[in-house]
Every structure is written in C-alpha cells, then in structure tokens.
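Structural overview for review
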Amino acid sequence: MHRTLLTGAVTIALISPLPLATATVAQPAPAAAPAAAALDDAYYEDALGLSGDALKDALHEIVSTGVTTLTYAQVWDALKDTDQDPANPANVVLLYTGQSRSADRNGGNVGDWNREHVWAQSHGDFGTGRGPGTDVHHLRAADVQVNSSRGNKDFDDGGSPVSNAPGNYTDSDSWEPRDQDKGDIARMLFYMAVRYEGGDGFADLELNDAVNNGSRPLHGRLSTLLEWNELDPPSAFEERRNELIHDEYQGNRNPFVDHPEWAEAIWG
Ligand SMILES: [Ca+2]
Ligand SMILES: [Ca+2]
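This structure is a prediction, so every number in the text was calculated from the model and none was measured. (Residues numbered from 1 in each chain as written. Chains lettered and ligands numbered in written order. Predicted model: local features only at pLDDT ≥ 70, side-chain atom pairs only at ≥ 80, totals over all residues.)

**Details of the overall build of the protein chain**
The condition is simple: Strands here mean DSSP runs of E at least two residues long; helices mean DSSP runs of H or I at least four residues long; both are numbered from the N terminus. Think of it as a crowd count around each C-beta: if 20 or more other C-beta atoms lie within 10 Å the residue is buried, if 12 or fewer it is exposed, and in between it is partly exposed, with C-beta placed from the backbone throughout. The contact rule is simple: place each C-beta atom from the backbone, and if two of them lie within 7 Å, those residues are in contact.
Helix and strand counts for the protein chain come out as 11 helices and 11 strands. Taken over 268 residues, the protein chain has a buried fraction of 41%. Here the analysis covers contacts within the protein chain between residues at least 6 apart in sequence; of these, 60% occur between residues at least 24 apart.

See below:
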C-alpha cells in the first residue's frame, strides 16, 4: 500500500512539472513585487476611488513625486536590465519583433538594437535631455531598422505587413504592433499622458483619437489603444520592468501596468 502511494507520487511528479515548466519559462515571477493591496495602501492611496480628470490629476502627482531622471546614456544600461530576456540574461527582448538579442549589440548599425521612444520624440519635440526623452517607462529596446520603419507614426490598426517585423502592419500614417506588444504600447502611452502635464519645461503630452499628429504633443489613436489595453493585459515581463524602474532607476511606477482598468476610468 505504502509502496503504491509512493509510486503514484513519483509518477505525478514526473508528468506534471513538464507543462508547468514550459508555461513558466517566459513568465518569471516579478522579483519582490509588492502585493497589489500593499501598493494600493501606500503608493496609490491618493488615487483610490477616483475617476476621470480627478484620477488623472492624482496619478500625475503620484508618478511625478520623488522621481529620478536619467541621462540618455544611462538609458542604455537601464534597458539592458529592464528589457532582459528572462530565458537568457545576456540578451534583451526587442519590442515589435520579440527577438532575443545580445545586450552588447546596442548601437546604431544594422543588426544592433537601439532606444525606441514609444511616445515618438517628435510628438512634443522633447529631445533626449533628461525628461520625457529619457523616461524608461516608454523606452524599449528595438531593432535599429524596425525602429526606423516605425519612425514617428501614431499607433492604429491596419496597413501592410512589415517585412522585417512579422505581425506588425503599417501604412502612411500609422503602425500596428504585433498582438503581444499592443497592450504594452498602450499602457506606455497612457503613462506618458499622465506623467507630462506641461510642467518641468516640457509640453503637456496628451492622447487623441487621431493619426497624423506630426510634431504636435499628441499621440493616437486613443480608441485603438483602449482596445489594445484590453486585448493584451500586463505580462510578467511588464510587471518586472515596472518594478525595476521604480526600485532601481526612476522611483516611479506606471499605474496602468498595476491597474490597467484605470485607462478606461480616465479616457473611456
Ligand atoms: Ca504584452
Ligand atoms: Ca498630459
């Protein structure tokens, strides 16, 4: 009897870890992430129960308090950490393609990765001085050529397939990322609209329901971004990234990674 039970236990142990291990490879537990309730009691206390502009104002105060700004050079090292491939710590995971590439291949040549401004730099012309241009919450490692193809286009559904970035589509005035990146991009843009409200010598960055925003401090398309936020909820990669940016680099969080429902509460 005892022996039978033991055999059963061994069998279970052999069978069950395989699918579990496969499922958890790309889903690292966010190291030392505080529980959601603990975050609400501390970091987000002043935002709880609010909606609309009151929520946006409260979040602006929260994410703009006690912030450390990085130089553009420091962003390289931050990205090597925040965008690290959970399956290979020597690599970073590239936005738009999901490719894993050596962290040491940062640069400007074909085959390198560089610093993609998800909120396009020209939309508000904030450059790369300390501020929105170096805010790691919306900066991601991306392939040099794919970054160039995206340019400063607004985000929206539709277009033709992008040859060197499968799953992405583009036309003359917009870019549609692959599904796995849609929510990440939406939440980065939500953060930027809340973080930058016209102070610190920078433009008030805002979302609108348009494309072709050019150099105006606006980014779209809002209705599409709200859909993408629902379609692609925060992943362990995003949560780890948010944690690291708060703990190690900037001292602030992206509220929409912690509370994706707040996008609808503000802009819905
Ligand atoms: Ca995602
Ligand atoms: Ca704003």
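**A word on the nonpolar core**
The following threshold applies: To count as a nonpolar core, a set of buried Ala, Val, Leu, Ile, Met, Phe, Trp, Tyr and Cys residues must be joined through C-beta atoms within 7 Å.
Ranked by internal contacts, the top residues of the largest apolar core, which has 28 residues, are Leu 189, Phe 190 and Met 192. Considering every element that reaches this core, the biggest residue donor is helix 7 (residues 179-195), with 9 residues. If near-sequence neighbours (up to four positions away) are discounted, Phe 190 is found in contact with Phe 256 and Ala 263.

**What about the sheet that holds strand 6 (residues 154-155)?**
Strand pairs in the sheet, formed through backbone hydrogen bonds, run parallel or antiparallel to each other. Short version of the rule: Whether two strands pair depends on DSSP finding at least two bridges between them.
The strand order across the open sheet formed by 4 strands is 6-9-8-7, and the pairing between neighbours is mixed. Since the sheet does not close on itself, it has two edges, and those belong to strand 6 and strand 7 (160-161), each with one partner.

**Concerning unusual backbone geometry**
Residue Arg 221 is reached from Gly 220 by a cis peptide bond, and omega for that bond is 0°. By the element assignment, Arg 221 lies in the loop between strand 11 (218-219) and helix 8 (222-231). Phi is positive for Tyr 96, which is not a glycine, with a value near 80°. Of note, Tyr 96 is situated in the loop between strand 2 (88-93) and strand 3 (100-102). Among the residues examined, Tyr 96 registers 25 C-beta atoms within 10 Å and is labelled buried. Non-glycine residue Asp 125 carries a positive phi angle of around 50°.

**Here we look at the pairing of strand 2**
In terms of strand pairing, strand 1 (residues 84-85) meets strand 2 through 2 bridges, oriented antiparallel. Residue Asp 85 lies in a different strand from strand 2, and its bridge partner there is Asn 88. Hairpin connection of strand 1 to strand 2: 2 residues between the antiparallel strands. Where strand 2 and strand 3 come together, 3 bridges link them in antiparallel fashion. For Val 93, the partnering residue across the bridge sits in strand 3 and is Ser 100. Hairpin connection from strand 2 to strand 3: 6 residues lie between these consecutive antiparallel strands, with Tyr 96 at a positive phi of about 80°.

**Here's the deal with the sheet that holds strand 3**
Spatially, 3 strands are ordered 1-2-3 in an open sheet, and the strand pairing comes out antiparallel. Because the sheet does not close on itself, it has two edges, and the strands there are strand 1 and strand 3.

**Focus: the environment of Val 93**
With respect to the helices and strands, Val 93 occurs in strand 2. Residue classification places Val 93 among the buried residues on the basis of 20 C-beta atoms within 10 Å. Here the alpha-carbon distance between Val 93 and Trp 113, two residues 20 residues apart in the chain, equals 9.8 Å. Beyond its immediate sequence surroundings of up to four residues, Val 93 is in contact with Asp 83, Asp 85, Gly 98 and Ser 100.

**Examining the confidence of the model for the protein chain**
Which entries qualify depends on this criterion: As a per-residue quantity, pLDDT reports the predictor's confidence and falls between 0 and 100.
For the protein chain, the average pLDDT comes to 91, and 88% of its residues sit at 70 or higher. Scored below 50 in pLDDT, residues 1-25 makes 1 contact in the model with residues more than four places away or belonging to other chains.

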